[in-house]
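Listed below, chain by chain, are the residues.
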Amino acid sequence: ISACLVGSEMCIRDRRQGILNLVMHARGMPDTKLRALGCTHARTAMDIRPELYDLWLEALLKTIMEHDKQADATTLQGWREVLVKGISVIKAGYDA
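Values in this document were obtained by computation on a predicted structure and should not be read as measured data.

## Here we look at the pattern of salt bridges
At step 1: As enumerated under the stated definition, the model contains seven salt bridges in all.
At step 2: Here Asp14 and Arg13 are joined by a salt bridge, their closest N and O atoms 3.2 Å apart.
At step 3: Judged by relative accessible area, Asp14 falls into the partly exposed class, the value being 42%.
At step 4: Glu51 serves as the salt-bridge partner of Arg49, at 2.6 Å between the closest nitrogen and oxygen.
At step 5: Owing to a relative accessible area of 41%, Arg49 belongs among the partly exposed residues under this scheme.

Structure, rendered in structure tokens:
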């Protein structure tokens, strides 16, 4: 498994696309792409443990607070509600 180098163009693109897929799912897009991601991140594939998504979410919310001076607790709660819906789909694929 090749590591994603922090700041690499491909890594940034993949993360941006992943966040977009999470947001689109919360807005009603089918979960097809998220289920596929869950398969690639499953125990039998990349083995990205479900609890790591919680850490990722907290790091993302911290980053939003640090870089968006208009963000407040309501903003973060909105992000959390949107992202958790899709993250749950990905997590469900871990042992599937």
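Here the narrative resumes, following the displayed structure.
## Points about the nonpolar core
At step 1: If you look at the biggest cluster of nonpolar residues, it comprises 13 residues, and the most contacted ones within it are Leu22, Ile64, Leu83 and Ile87.
At step 2: For this core, the secondary structure elements donating two or more residues are helix H3 (51–67) and helix H4 (73–92).
At step 3: Contact partners of Ile87, with chain neighbours within four places excluded, come to Leu22, Tyr53, Trp56 and Leu57.

## Focus: the side chain of His41
At step 1: Examined against the element boundaries, His41 turns out to sit in the loop between helix H2 (32–40) and H3.
At step 2: Since its relative accessible area comes to 15%, His41 is described here as buried.
At step 3: Setting aside residues no more than four positions away along its own chain, His41 makes contact with Met46, Asp47, Ile48, Tyr53, Ile90 and Tyr94.

## A few points about helix H1 (residues 9–26)
Two residues of an α-helix separated by three or four positions point the same way, owing to the 3.6 residues in each turn.
At step 1: The terminal C-alpha atoms of H1 lie 26 Å apart, and with 18 residues this matches the ideal 26 Å at 1.5 Å per residue to within 8%.
At step 2: What H1 keeps buried is the set Cys11, Asn21, Leu22 and His25. The arc enclosing the buried residues of H1, seen along the axis, measures out at 100°, which places them on a common side. In H1, the exposed positions angled more than 90 degrees off the buried face are occupied by Glu9 and Arg16.

Here is what the cut-offs are and how they apply
- Residues numbered from 1 in each chain as written.
- Predicted model: local features only at pLDDT ≥ 70, side-chain atom pairs only at ≥ 80, totals over all residues.
- Heavy atoms only, no water.
- Salt bridge = Lys/Arg side-chain N within 4 Å of Asp/Glu carboxyl O.
- Buried < 20%, exposed > 50% of the residue type's maximum accessible area, 1.4 Å probe, protein only.
- Core = buried A, V, L, I, M, F, W, Y, C linked by side-chain atoms within 4.5 Å.
- Helix = DSSP H or I, 4+ residues; strand = E, 2+ residues; numbered from the N terminus.
- Contact = heavy atoms within 4.5 Å.
- Expected span 1.5 Å × (residues − 1).
- Arc of directions from axis to C-beta.

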